[in-house]
Amino acid sequence: MLVLARGLYFAISMLLFGLCAFTWLLRARLPMILPVRDQSLRWALLLLALAAGCAWLGLAAADMADAMDRQAVVSAAKDTRFGQFFLVRMAALAGLGLLLAIRRGRAAIVLLSALALVLPAATSHAAAASPAGFAAVGAITDGVHLLTAGFWIGGLAVLLLLWRRGEPNMPLALSLFSDWAMVAVLLLVMTGLINAASILLGQEGRMSALYLSVLGAKLALVTGMIGLALVNRFRLMPKGGDTLIARNAAIELSLGLAAVLLAGLLGQLQPLS
Amino acid sequence: MKRLALLMLLAATPAFAHAKLTASDPAADAKVKTPKMIRLTFSEELEPAFSGASLIDPVGKTVPLASSVAGSGITLLPLALKPGRYKVAWHSVGQDTHPMKGSFSFEIIP
């Protein structure tokens, strides 16, 4: 359950951030594209993020205290760094809800959704596994890792909404997404590499078979996503094969969400035996 | 193997560094004169609210003691201990919220 709550929080907050960030970018760069009607989707994602975030805290508290009671949850929220960042995340999501309600502050909405996504990086394994005195570096690289994954996944969701309504300027939207997504994927891979290096250096012991299996499955999903993205960008986009691009984007998004859920599992596994 | 692991981790959310016991004084299975304090050192900073340790005497009773959790260490300050084999049972939670627990024993010689 903890694995599920953690994975769901990341998947939902990535979708929320990517949705807010890419629609903001679309408005700024391509004003001829009418805004995506995504208010109900944003509200649904916001409420789900709140629910998954609270479930994550409650289950983590039960795990830490080896008992599920109110005192453990209060102590986890008040006395641990994870809990303190949880409170900031919930405040960011509440602020986002307020801005959605009054329909103001598009840039602030992007910022708050980014905060809600990125703050768990401060208590991530990357931060904890960094060499002494370099926890902030680990947290920053993990934060960039989360944000770039969020932009990729949430941006794909926006593209699918545009296809669904038959957007006439679809090639322009695709081109904009493609340019930014390439940078995002590059950063995603680079930060993944840096995190991996910081984790592997100085660690002793044998990797567990279960951990390697889940990691292998996640890597296969991400490789599939990159493959589909490359096919879309370099084979289908020049030809204008909209239907195939849309189908590939939907598969890419599904693979991405599955990869994030696996990441939720990886985060709970003991990698070294 | 490390290169393979590095490649596999390329796109992964990192997952390492649970708060493991890395050292203790007295060490596990050591034979020592009565120690003034027992120190446990962990691989990462601990969450004091969810970390701690207890000392169990040779007849299986928990020894009353003062303890403190700070940084990546737990310190136990027991009153004078009699000779015999003692067990230290610890539980730790790192800032990544993962719980760990374990125990080790040492012997006090006259």
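This one's a predicted model, so the numbers in the text were calculated from it and none came from an experiment.

## Looking at the overall build of chain A
Looking only at helices and strands, one finds 10 helices and zero strands in chain A. Ordered by position from the N terminus, the helices and strands of chain A form the series α-α-α-α-α-α-α-α-α-α. Each principal axis of the C-alpha atoms in chain A carries an extent, and together these give about 55 × 45 × 30 Å. Long-range contacts, defined here as pairs at least 24 residues apart, represent 76% of the contacts in chain A between residues at least 6 apart.

## Observations concerning the overall build of chain B
For chain B, the helix and strand inventory stands at one helix and eight strands. Overall, chain B shows an N-to-C arrangement of helices and strands of α-β-β-β-β-β-β-β-β. Evaluated residue by residue, chain B yields a buried proportion of 34% over its 110 residues. In chain B, once contacts between residues fewer than 6 apart in sequence are set aside, the share between residues at least 24 apart is 57%.

## Let's talk about the environment of B:G73
All names here are of chain B. By the secondary structure assignment, G73 is in strand β6 (residues 73-78). Residue classification places G73 among the partly exposed positions, given that 16 C-beta atoms sit within 10 Å. Sequence spacing of G73 and R39 is 34 residues, and the spatial spacing of their C-alpha atoms is 7.0 Å. Beyond its immediate stretch of four places on either side in the chain, G73 contacts R39, L40, T41 and F42.

## Examining the packing of helix α5 (residues 106-118) of chain A against helix α7 (residues 135-164) of chain A
All names here are of chain A. Packing of α5 against α7 brings their axes to within 9 Å, and their N-to-C directions diverge by 125°. Here α5 lies oblique to α7, going by the angle between them. Seen from above, α5 lies across α7 with right-handed handedness. Note on element contacts: α7 touches α5 through G143, L146, L147 and G150, opposite A114, L117 and V118. Along the lines of polarity and charge, the residues of the contact of α5 with α7 split into five nonpolar, two polar and no charged.

## A few points about the sheet that holds strand β1 (residues 21-25) of chain B
All names here are of chain B. The four strands lie next to each other as β1-β3-β6-β5, forming an open sheet whose pairing is antiparallel. Looking at the sheet topology across the chains shown, the edges are occupied by β1 and β5 (65-70). Ignoring which end each strand starts from, the neighbouring axes of this sheet average 15° apart. Sheet topology note: the β5/β6 ladder contains six bridges and is antiparallel. When the sheet's bridge partners are listed, A70 is paired in β6 with G73.

## Side note on α7(A)
At 3.6 residues per turn, the α-helix brings residues three or four places apart onto the same side. Residue and element names in this part refer to chain A. Taking 1.5 Å per residue, 30 residues should reach 44 Å; α7 reaches 43 Å between its end C-alpha atoms and fits that length. The element α7 is extensively covered by neighbouring structure, given that 23 of its 30 residues are classed as buried. G166 sits one or two positions beyond α7 and adopts a positive phi of about 70°.

## Considering the nonpolar core
Residue and element names in this part refer to chain A. If you look at the biggest cluster of nonpolar residues, it comprises 97 residues, and the most contacted ones within it are I12, M14, L15, L16, A49, W152 and I153. The element contributing the most residues to this core is helix α1 (residues 2-29), with 15 residues. Ignoring sequence-local partners within four residues, the contact set of M14 consists of L117, A149, G150, I153, G154 and V260.

## Description of the sheet that holds strand β4 (residues 52-56) of chain B
Either a parallel or an antiparallel arrangement is found when strands of a sheet pair, and the pairing is made through backbone hydrogen bonds. Residues and elements named next belong to chain B. Spatial strand order, β2-β8-β7-β4: four strands in an open sheet with mixed pairing. Single-partner strands in this sheet number two, and they are β2 (31-32) and β4. In terms of strand pairing, β2 meets strand β8 (residues 99-108) through two bridges, oriented parallel. From the neighbouring strand, K31 faces β8, where its bridge partner is E107.

## A word on helix α9 (residues 209-239) of chain A
Residues and elements named next belong to chain A. Over its 31 residues, α9 runs 44 Å from end to end, which matches the ideal 45 Å to within 8%, given 1.5 Å per residue. The sharpest bend along α9 reaches about 35° and sits at N232. Just past α9, the residue G240 takes up positive phi, approximately 75°.

## Let's talk about the confidence of the model for chain B
Residues and elements named next belong to chain B. Averaged over every residue, the pLDDT of chain B is 82; the share at 70 or more is 85%. No element of chain B has a lower mean pLDDT than helix α1 (residues 2-9), at 40, and none a higher one than strand β7 (residues 84-93), at 94. Low pLDDT, under 50, characterises residues 1-16; the stretch is placed with 50 contacts to residues that sit more than four places away or in other chains.

## Remarks on unusual backbone geometry
Leave glycine aside and you will find that most residues have negative phi; peptide bonds, for their part, are mostly trans. Residue B:D25 is joined to B:P26 through a cis peptide bond whose omega torsion reads 5°. Its location among the elements puts B:P26 in the loop between β1 and β2. Its identity is not glycine, yet A:R103 carries a phi of approximately 55°, on the positive side. Its identity as a non-glycine residue notwithstanding, B:D29 has a phi of 65°, on the positive side. Tracing the sequence through the fold places B:D29 in the loop between β1 and β2.

## Some thoughts on the packing of helix α2 (residues 39-65) of chain A against helix α4 (residues 81-102) of chain A
Residues and elements named next belong to chain A. Between α2 and α4, the least distance of the axes is 11 Å, while the angle of their chain directions is 165°. By the criterion of interaxial angle, the relationship of α2 to α4 is roughly antiparallel. The crossing of α2 and α4 is left-handed. Where α2 approaches α4, its residues R42, W43, L46, A49, L50, G53, L57 and A60 are matched on the opposing element by F82, G83, F86, R89, M90, L93, L96, G97 and L100. Looking at side-chain class alone, the contact of α2 with α4 contains 12 nonpolar, three polar and two charged residues.

Reading guide: rules and limits
Residues numbered from 1 in each chain as written. Chains lettered and ligands numbered in written order. Predicted model: local features only at pLDDT ≥ 70, side-chain atom pairs only at ≥ 80, totals over all residues. Helix = DSSP H or I, 4+ residues; strand = E, 2+ residues; numbered from the N terminus. Contact = placed C-beta atoms within 7 Å. Buried ≥ 20, exposed ≤ 12 C-beta atoms within 10 Å, placed from the backbone. Axes fitted to C-alpha atoms, helices over the stretch in contact; angles between N-to-C directions. Parallel < 35°, antiparallel > 145°, perpendicular 65-115°, else oblique. Left-handed = near helix turned anticlockwise from the far one by under 90°. Nonpolar A, V, L, I, M, F, W, Y, C, P; charged D, E, K, R; others polar. Pairing = 2+ DSSP bridges. Expected span 1.5 Å × (residues − 1). Core = buried A, V, L, I, M, F, W, Y, C linked by C-beta atoms within 7 Å. Bend = angle between axes of the 7 residues up to and from the residue. pLDDT = per-residue confidence, 0-100.

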